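Residues per chain, in single letters:
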Amino acid sequence: MTSSELPVNFAMTIDGAAVPAPQTFDVVNPATGQVIAQAPDCAPDQLDAAMHSAQQAYQLWRHEKSARRDLLLKAADEVLAAVDEIAPILTAEQGKPLADAQMEVRSVALWFRYYANLEVPVEVIQDDAKARIEVRRRSLGVVAAITPWNFPLSLAAWKIAPALRAGNTMVLKPSPYTPLATLKMVERLARVLPPGVLNAVSGRDPLGASMTQHPVPRKISFTGSVTTGKRVAEAAAGDLKRVTLELGGNDPAIVLDDADPARIADGLFWSAFRNNGQVCSAIKRVYVPEALYADVVDALAEKARSARVGDGAEPGTQLGPVNNEPQLTRVAGLVEEAVARGAEAVTGGRAPDRPGYFYEPTILAGASDGMRVVDEEQFGPVLPVVPYHDVEEAIARANGTHFGLSGSVWSADGDRAAEVADRLECGTVWINTHLALRPDQPFGGAKWSGLGVENGPWGLYGFTELKVVHRAGVTS
Ligand code: TXE
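Quick caveat, the model's predicted, so the values are computed rather than measured.

1. Quick word on helix α7 (residues 205-213)
In step 1: Residues of α7 that are buried include every one of Leu 207, Gly 208, Met 211 and Thr 212, and no others. Around the axis of α7, the buried residues are gathered within 140° of arc, so they sit on the same side. Exposed residues lying more than 90 degrees from the buried face of α7 are Pro 206 and Gln 213.
In step 2: For α7, the elements touching its buried residues are α1 (44-61), β7 (142-146), β8 (169-173), β10 (219-223) and α8 (226-237).

What follows is the structure, given as structure tokens:
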């Protein structure tokens, strides 16, 4: 879809209706740097209306357990029917290759179906003549959901599906960089969901802050940066709103000395560069034993050189642009600093001379802890490769950070890798793979990478609270 073929009007969904806003803001295609559409800039009274609509809808929705299941299944069908409408919009605003955008839209249906079919049993901890004690899970009320620009749709689905299945209603706000596909998806979902159950509003960052300070929501489910996540937690504290925070990561991959560089290169590369490195749990730094160092760097550089970079709308593109200008500036700055401090950009290390926010896939050799690109989350198409002498040192460096989202260990010996994996301080650790996510597998971060988890029954529990029903028996 070219920019001129994009739909002209994007509306918010409030109380089941498509609603424009009095003001709008620009949305840019990162592959061209051109404004492609206007998104509604939600006015304060419109946010109130969305919150109150969700609150109203909650009164019925919370009691309709089987309808929730059926409607989530219908919602999955609705999304699948809209893949060809939504995916090109996602590519145009986010930059990712169209095939990836299509996969992302489909993943929404996968998550909706998984949660539709997830039954949460009532646990009975005593049932005899003295008492029957049930432990139930009750929904919380209205959820404010705030999403980032890297996977606007799938990360929204991680929130929508469990929240709605558990009986909550929602007001969802996508990132101002990527509001369009989410608005379109929620507009389609409004065809099957009762009014008010899922509202979508769009606006700049202060709208997110207003949501977290609004009196209606009982829960905030946030995915984004550590800095903003901390602000969300602070805003929630005054009202003791529940929070789930899925924040950034600086995922280490540790290569053990028995690994075969040629065999692991593809897995390592794509676990770092998928979505152009803009994945919270992508590999962000690789620790490689000195003996394998040159071979691993060469193999990764070869992958980087052969990756097809371009506009996501062009067939065959594997890596699109960085999503936005501030992010491109940040990534370029991190590389510059590392090179100034002695690292070598074996491939890439520069923005190509073309419009848009492109950056050449970059493998940084001679990287070391203390360089910002190693210590911080780069969130872009750059991978620092750090040599290590012994594995104890690699484990200590991998853990020596405030981040703790995920990590991976690569080895020919799965058991040996598992021992190292066991010692990594993070929410998920993979062995000989990375970025393997599923709707039934919990995902969350240790340390500053998050609070609570998403996915699986545990993700749904985060949208509930325990309620104990203790009924005295006839004899007591
Ligand atoms: O994130 P923000 P940004 C990291 C990545 C990137 C950095 C900045 O390192 O360089 O974050 O990206 C909304 N209260 N990740 O600026 O600010 C905002 O409108 C409530 C990692 O885009 O965290 C958007 O909808 N909400 C991450 C959402 O928060 C607020 C993915 C995320 O924006 C708010 C993306 C406030 N005070 C970036 N201010 C991951 N974990 O995957 C902003 N928002």
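2. Here we look at the site of the ligand
In step 1: Around the ligand, the surrounding shell holds 26 residues, and the nearest of these are Thr 147, Trp 149, Asp 205, Ser 225 and Gln 327.
In step 2: Backbone polar atom of Gly 224 to a nitrogen atom of the ligand: 3.2 Å apart, as the coordinates give it.
In step 3: Thr 228 places a polar side-chain atom, nitrogen or oxygen, 2.9 Å from an oxygen atom of the ligand.
In step 4: Here the ligand loses 88% of its free accessible area of 820 Å² to cover by the protein chains.
In step 5: For the ligand, the cavity whose grid points lie within 2 Å of the majority of its atoms is the largest pocket.

3. A look at the pairing of β7
In step 1: Counting buried positions along β7 yields five of five residues, so the element is predominantly enclosed.
In step 2: Where β7 and β8 come together, five bridges link them in parallel fashion. When the sheet's bridge partners are listed, Ile 146 is paired in β8 with Lys 173.
In step 3: A crossover connection joins β7 to the parallel β8 through helix α5 (residues 152-165); in handedness this β-α-β unit is right-handed.
In step 4: Relative to β10, β7 is paired through four bridges, and the arrangement is parallel. Bridge pairing in β10 links Ala 144 to Ile 220.

4. Comments concerning the pairing of β10
In step 1: Most of β10 is tucked away: five of the five residues are buried.
In step 2: Where burial is concerned, the two faces of β10 agree: the one with Lys 219, Ser 221 and Thr 223 and the one with Ile 220 and Phe 222 are both buried.
In step 3: Taken together, the five bridges between β10 and strand β11 (residues 242-246) define a ladder with parallel strand orientation. Across the sheet, the residue bridging to Ser 221 is Thr 244, located in β11.
In step 4: As for the winding sense of the linkage, the β-α-β connection from β10 through α8 to β11 is right-handed.

5. Side note on the layout of surface pockets
In step 1: Taken as a whole, the largest pocket holds about 1100 Å³ of empty space.
In step 2: Around the largest pocket sit 39 residues that line it, and Trp 149, Phe 222, Gly 224, Ser 225 and Thr 228 are the ones nearest its centre.
In step 3: Of all the secondary-structure elements, those providing two or more residues to the lining of the largest pocket are α7, β10, α8 and α11 (325-340).
In step 4: In terms of residues, the lining of the largest pocket owes the most to one element, α8, which gives seven residues.
In step 5: Of the residues in the lining of the largest pocket, the class split is 17 nonpolar, 15 polar and seven charged.
In step 6: Considering only enclosed or pocket space, the second largest pocket measures out at about 520 Å³ in volume.

6. Structural notes on the sheet that holds strand β6 (residues 131-139)
Hydrogen bonds between backbone groups are what pair the strands of a sheet, and the pairing can be parallel or antiparallel.
In step 1: Reading across the sheet, the three strands line up as β5-β6-β22 and stay open at both edges, with antiparallel pairing between neighbours. Unpaired on one side and paired on the other, β5 (123-127) and β22 (464-472) mark the two borders of the sheet. When strand polarity is set aside, the average angle formed by the axes of neighbouring strands in this sheet is 20°.
In step 2: The pairing of β6 with β22 spans nine bridges and is antiparallel. Bridge pairing in β22 places Ile 133 opposite His 470.

7. Points about the nonpolar core
In step 1: By size, the foremost hydrophobic cluster in this structure holds 65 residues, and its most contacted members are Phe 112, Ile 160 and Met 170.
In step 2: Formed jointly, this core draws a minimum of three residues from each of two domains, domain 1 (3-247 + 449-467) and domain 2 (251-436).
In step 3: In contact with Met 170, not counting residues within four places along its chain, are Ala 54, Val 143, Ala 145, Lys 159, Ile 160, Ala 163, Leu 164, Gly 196, Val 197, Leu 198 and Asn 199.
In step 4: Within the second largest apolar cluster, 28 residues are counted, among which are Leu 334, Ala 338, Ala 343 and Tyr 359.

8. Notes on the domain arrangement of the chain
In step 1: Looking at the assigned domains, one finds that the chain contains domain 1 (3-247 + 449-467) and domain 2 (251-436).
In step 2: Its C-alpha centre places domain 1 at a distance of 30 Å from the equivalent point of domain 2.
In step 3: Listed by partner, the interface residues are 21 residues for domain 1 and 27 residues for domain 2.
In step 4: Interface of domain 1 and domain 2: buried area, both sides summed, is about 1900 Å²; carbon and sulfur atoms make up 56% of it.
In step 5: The tally of links between domain 1 and domain 2 comes to zero salt bridges.
In step 6: At the boundary of domain 1 with domain 2, the tally comes to nine residue pairs in polar contact (both at pLDDT 80 or more).
In step 7: The element that contributes the greatest number of residues to the side of domain 1 that touches domain 2 is helix α3 (residues 83-94), accounting for three residues.

9. Regarding the sheet that holds strand β14 (residues 344-347)
In step 1: If you walk across this open sheet you meet the seven strands as β14-β15-β16-β13-β12-β17-β18, and the pairing is mixed. Here the strands that pair on one side only, and so sit at the sheet edges, are β14 and β18 (428-431). Strand-to-strand, the axes of this sheet are offset by a mean angle of 25°, without reference to chain direction.
In step 2: Here strand β12 (residues 251-255) pairs with strand β13 (residues 283-289) via four bridges, running parallel. Considered in β13, the bridge of Ile 254 is made with Tyr 287.
In step 3: Most of the contacts of α11 go to strand β15 (residues 362-365), to which it runs at about 25°, and overall it touches β14, β15 and β16 (382-388).
In step 4: Of the strands in this sheet, β12, β13 and β16 touch helix α13 (residues 391-399), which is tilted by about 140° from β16.

10. Some words on the packing of α5 against helix α6 (residues 180-189)
In step 1: Two elements in contact, α5 and α6, have axes whose closest approach is 9 Å; the angle formed by their N-to-C orientations is 45°. By the angle between their axes, α5 is oblique relative to α6. Once α5 is placed against α6, the crossing between them reads as right-handed. Every residue of α6 that contacts α5 at Pro 152, Leu 153 and Ile 160 is listed here: Ala 181, Thr 182 and Met 185.
In step 2: Its residues placed into classes, the contact of α5 with α6 shows five nonpolar, one polar and no charged.

Scoring rules and cut-offs
- Residues numbered from 1 in each chain as written.
- Predicted model: local features only at pLDDT ≥ 70, side-chain atom pairs only at ≥ 80, totals over all residues.
- Heavy atoms only, no water.
- Buried < 20%, exposed > 50% of the residue type's maximum accessible area, 1.4 Å probe, protein only.
- Helix = DSSP H or I, 4+ residues; strand = E, 2+ residues; numbered from the N terminus.
- Arc of directions from axis to C-beta.
- Contact = heavy atoms within 4.5 Å.
- Near = heavy atom within 4 Å.
- Polar contact = N/O pair within 3.5 Å; in protein donor to acceptor, adjacent residues only side chain to side chain.
- Areas by Shrake-Rupley, 256 points an atom, 1.4 Å probe, with all protein chains shown as cover.
- 1 Å grid on protein atoms, 1.4 Å probe; cavity = no way out; pocket = protein on both sides within 12 Å on 5 of 7 lines; lining within 4 Å.
- Sits in = over half its atoms within 2 Å of the grid points.
- Pairing = 2+ DSSP bridges.
- Right-handed = clockwise from strand over helix to strand, strands pointing away.
- Points joined across faces, edges and corners; volume = space filled by probe spheres on them.
- Nonpolar A, V, L, I, M, F, W, Y, C, P; charged D, E, K, R; others polar.
- Axes fitted to C-alpha atoms, helices over the stretch in contact; angles between N-to-C directions.
- Core = buried A, V, L, I, M, F, W, Y, C linked by side-chain atoms within 4.5 Å.
- Domains from an automatic or database assignment.
- Buried area = accessible area lost by both parts, 1.4 Å probe.
- Salt bridge = Lys/Arg side-chain N within 4 Å of Asp/Glu carboxyl O.
- Parallel < 35°, antiparallel > 145°, perpendicular 65-115°, else oblique.
- Left-handed = near helix turned anticlockwise from the far one by under 90°.

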